[in-house]
Amino acid sequence: MNARDDIAFRFAAPPGSPPVQWAVSDGLVPYGPAVAAMEARASAIADGLAPELVWLVEHPPLYTAGTSAKPSDLVEARFPVHETGRGGQYTYHGPGQRVAYVMLDLHRRGPDVRAFVAALEAWIIATLGAFNIRGERREDRVGVWVRRPDKAKGAEDKIAAIGIRVRRWVTFHGISLNVEPDLSHFGGIVPCGIQEDLYGVTSLVDLGLPVTTPEVDSVLRAGFEEVFGATEPAAFGI
């Protein structure tokens, strides 16, 4: 049993709150400008000038280094490396991976970062469940994992990563879900600092599900609403 399993599944805003805006960008979004846009929106939310937002993007191939990243975990800098203020270590972003930047006001929802992370995990697990994939938490490993007995006894692969930052009780950065990325691109880093041979990386397509990113987006939105509350379409981008 994971201790985070005991945390409440819902992380909704108080009754009467406006819906969370839901925006989807087409094409590959450059990382630096995306982070700048996200930080500006998070500041506007904290100032009461903008509503909460979830922004779905794909990035060109790149690596990001979180606040706990170790230089030795950058095995080969095949792609640009971006220092970032989110928690965690090294991760990869690229085509075929859906990134969701989650900008929510924890003042209204509850100033509990641990509960927020558990809610993000619950959202991912619900999304995977809609595709008949059992995603699981691990107490010693952040993110969402699937068991791979087809590979080896005790083998598990990471299918989704979580890395967040909170400023003035507004969240930013968020999650990434592997739909159909080139999994070999993860070989340039030690993903999230995990080196054990039994732990790898997978995707929906790697697990035998020929799904498209728009199909995943629809399920992500439904799963988000189960955990965080209503959404409404919005335009946002760079």
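Residues numbered from 1 in each chain as written. Predicted model: local features only at pLDDT ≥ 70, side-chain atom pairs only at ≥ 80, totals over all residues. Heavy atoms only, no water.

Asks: Account for the overall build of the protein, naming residues and giving values.
Replies: Along its length, the protein carries four helices and 12 strands. The C-alpha atoms of the protein give 17 Å as radius of gyration, which agrees with the globular expectation for 238 residues (18 Å, within 12%). Dimensions of the protein, computed from the C-alpha atoms along their principal axes, are close to 50 × 35 × 30 Å. For the protein, with 238 residues in total, the buried portion stands at 51%. In the protein, the proportion of contacts linking residues at least 24 apart, taken out of those at least 6 apart, comes to 71%. Accessible surface for the protein amounts to roughly 10,400 Å². Of this, 53% is attributable to carbon and sulfur atoms. (Helix = DSSP H or I, 4+ residues; strand = E, 2+ residues; numbered from the N terminus. Rg over C-alpha atoms; globule rule 2.2 N^0.38 Å. Buried < 20%, exposed > 50% of the residue type's maximum accessible area, 1.4 Å probe, protein only. Contact = heavy atoms within 4.5 Å. Areas by Shrake-Rupley, 256 points an atom, 1.4 Å probe, with all protein chains shown as cover.)

Asks: I'd like a rundown of the pairing of strand β3 (residues 62-65), residues and numbers included.
Replies: The two faces of β3 match: Leu62 and Thr64 on one face and Tyr63 and Ala65 on the other face are all buried. Bridging between β3 and strand β5 (residues 90-93) involves four bridges; their strand directions are antiparallel. Note on β5: the bridge partner recorded for Thr64 is Thr91. As paired elements, β3 and strand β4 (residues 81-83) share three bridges and run parallel to each other. (Pairing = 2+ DSSP bridges.)

Asks: Tell me about helix α3 (residues 113-130), residues and numbers included.
Replies: The end-to-end C-alpha separation of α3 is 26 Å, in line with the 26 Å expected for 18 residues at 1.5 Å each. Within α3, burial applies to Ala115, Phe116, Val117, Ala118, Ala119, Leu120, Glu121, Ala122, Trp123, Ile124, Thr127 and Leu128. The opening residue of α3, the one whose side-chain oxygen lies 3.2 Å from the backbone nitrogen of Arg114, is Asp112. Asn132, located one to two residues past α3, shows a positive phi value of around 60°. (Expected span 1.5 Å × (residues − 1). Polar contact = N/O pair within 3.5 Å; in protein donor to acceptor, adjacent residues only side chain to side chain.)

Asks: Can you explain the packing of aromatic side chains? Please cite residues and give values.
Replies: The final tally for this structure, using the stated rule, is 15 aromatic pairs. Consider the rings of Tyr92 and Phe186, whose centres lie 5.1 Å apart with planes at 65°: the pair is edge-to-face. With Tyr92 in strand β5 and Phe186 in the loop between β10 (170-178) and β11 (199-201), the pair connects residues that are 94 residues apart, well separated along the chain. The buried category is assigned to Tyr92, whose relative accessible area is 0%. (Phe/Tyr/Trp six-rings, centres within 6.5 Å; stacked < 30°, edge-to-face > 60°.)

Asks: Please give an account of the sheet that holds β5 that cites residues and values.
Replies: Spatial strand order, β4-β3-β5: three strands in an open sheet with mixed pairing. Only two strands of the sheet have a single neighbouring strand rather than two, namely β4 and β5. Direction aside, the axes of adjacent strands within the sheet are offset by 30° on average. (Axes fitted to C-alpha atoms, helices over the stretch in contact; angles between N-to-C directions.)

Asks: Quick rundown of the pattern of salt bridges? Include the residues and the values.
Replies: Opposite charge on two side chains allows them to pair when their charged atoms are near. Evaluated as defined, the whole model comprises 16 salt bridges. Here Glu136 ties to Arg147 by a salt bridge, and the two come within 2.7 Å at their closest N and O atoms. Here the residue Glu136 occupies a position in strand β7 (residues 136-138), and Arg147 occupies one in strand β8 (residues 141-147), the gap between them amounting to 11 residues. Between Arg138 and Glu156 there is a salt bridge whose closest N-O contact spans 2.9 Å. Highlighted residues: Arg138 in strand β7 and Glu156 in strand β9 (residues 156-167), separated in sequence by 18 residues. Taken as a pair, Arg138 and Glu156 share a single burial class, namely buried. Taken together, the shared-partner salt bridges in this structure form one network comprising Arg134, Glu136, Arg138, Arg141, Arg147 and Glu156. (Salt bridge = Lys/Arg side-chain N within 4 Å of Asp/Glu carboxyl O.)

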